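Here's the letter readout for the chains.
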Amino acid sequence: RAFVVSGVRFHTCNVAIKNAGVNPESIRSLQITNNLIDLEGRLFEGGLNHSVISGNICDFNTSGGTLATIKVTSGGNDIVIAGNHFSGYDSVGANVETRTGATGVRFDVAPVGCSITGNSFSGFAANAVYLASGSTATSITGNSFDDNLNGIEIDGAVADTQIINT
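Residues numbered from 1 in each chain as written. Predicted model: local features only at pLDDT ≥ 70, side-chain atom pairs only at ≥ 80, totals over all residues. Heavy atoms only, no water.

Draft legend 1. Summary view of the packing of aromatic side chains. With the rule as written, the count across this model stands at 2 aromatic pairs. Measuring from centroid to centroid gives 5.3 Å for Phe121 and Phe145, while their planes differ by 10 degrees, and the two rings are stacked. Taken as a pair, Phe121 in strand β14 (residues 120-122) and Phe145 in strand β17 (residues 144-146) lie far apart in primary sequence, 24 residues in all. What makes Phe121 buried here is its relative accessible area of 1%. Classification of Phe145 by relative accessible area gives partly exposed; the value is 22%. Its end group placed over the ring of Tyr130, Arg106 keeps NZ or CZ at 4.0 Å from the ring centre. (Phe/Tyr/Trp six-rings, centres within 6.5 Å; stacked < 30°, edge-to-face > 60°. Helix = DSSP H or I, 4+ residues; strand = E, 2+ residues; numbered from the N terminus. Buried < 20%, exposed > 50% of the residue type's maximum accessible area, 1.4 Å probe, protein only. Lys NZ or Arg CZ within 6 Å of the ring centre and 35° of its normal.)

Draft legend 2. Representation of the environment of Ala132 in the model. Assignment of secondary structure puts Ala132 in strand β15 (residues 127-132). Separated by 21 residues in the primary sequence, Ala132 and Glu153 have C-alpha atoms spaced 8.6 Å apart.

Draft legend 3. Fine view of the side chain of Asp38. Summarising the element assignment, Asp38 is placed in strand β5 (residues 36-38). A polar contact of 2.9 Å, which involves the side chain of Asp38, links it to the side chain of Arg9. Polar contacts involving the side chain of Asp38 include one to the side chain of His11, which spans 3.1 Å. Leave out the neighbours within four places in its chain, and Asp38 touches Arg9, Phe10, His11, Thr12 and Asp59. (Polar contact = N/O pair within 3.5 Å; in protein donor to acceptor, adjacent residues only side chain to side chain. Contact = heavy atoms within 4.5 Å.)

Draft legend 4. Seen up close, the nonpolar core. Grouped together as the largest cluster of nonpolar side chains are 28 residues, with contacts concentrated most on Leu48, Ile81, Phe86, Val105, Phe107, Ile116 and Phe121. Mapped onto this core, the elements with two or more residues apiece are β6 (42-54), β8 (68-82), β12 (103-107) and β15. Setting aside residues up to four positions removed in sequence, Phe107 forms contacts with Val72, Gly76, Ile79, Ile81, Cys114, Ile116, Tyr130, Leu131 and Ala132. (Core = buried A, V, L, I, M, F, W, Y, C linked by side-chain atoms within 4.5 Å.)

So this is what it looks like as structure tokens:
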């Protein structure tokens, strides 16, 4: 519990931080702040609760497919994702960029009491944000969406969820 990952550059890696194994949803108080991940890969994958992901730059997430820059697979309670820059673009030469990254933030479990606020999402070939059915008391506010296939996808019913963005 209570891990801090801050000020790290992750370059060309499949998954920078992965929480797997027995009871991955038991991790809490993880702080992922002020990191740079560039040229492919996922910043975080796995179970997560009561944690903060902020101030990160995730640039040129070119892995495509079903990858997401942040993918929460279990837990999903009281997570703050704020003030990050997520880009799915890939440079194809001479100032030409194409959308390649699959998704910016993906909750494969229903988030409860989460906040996705003040982030920028650009160049994703699928969704900037994806929420599984059953999302409760979750807010998606003050984010910027530019040149994504879809801004926000909510897969099914939600309750007490606020969505206000630019």
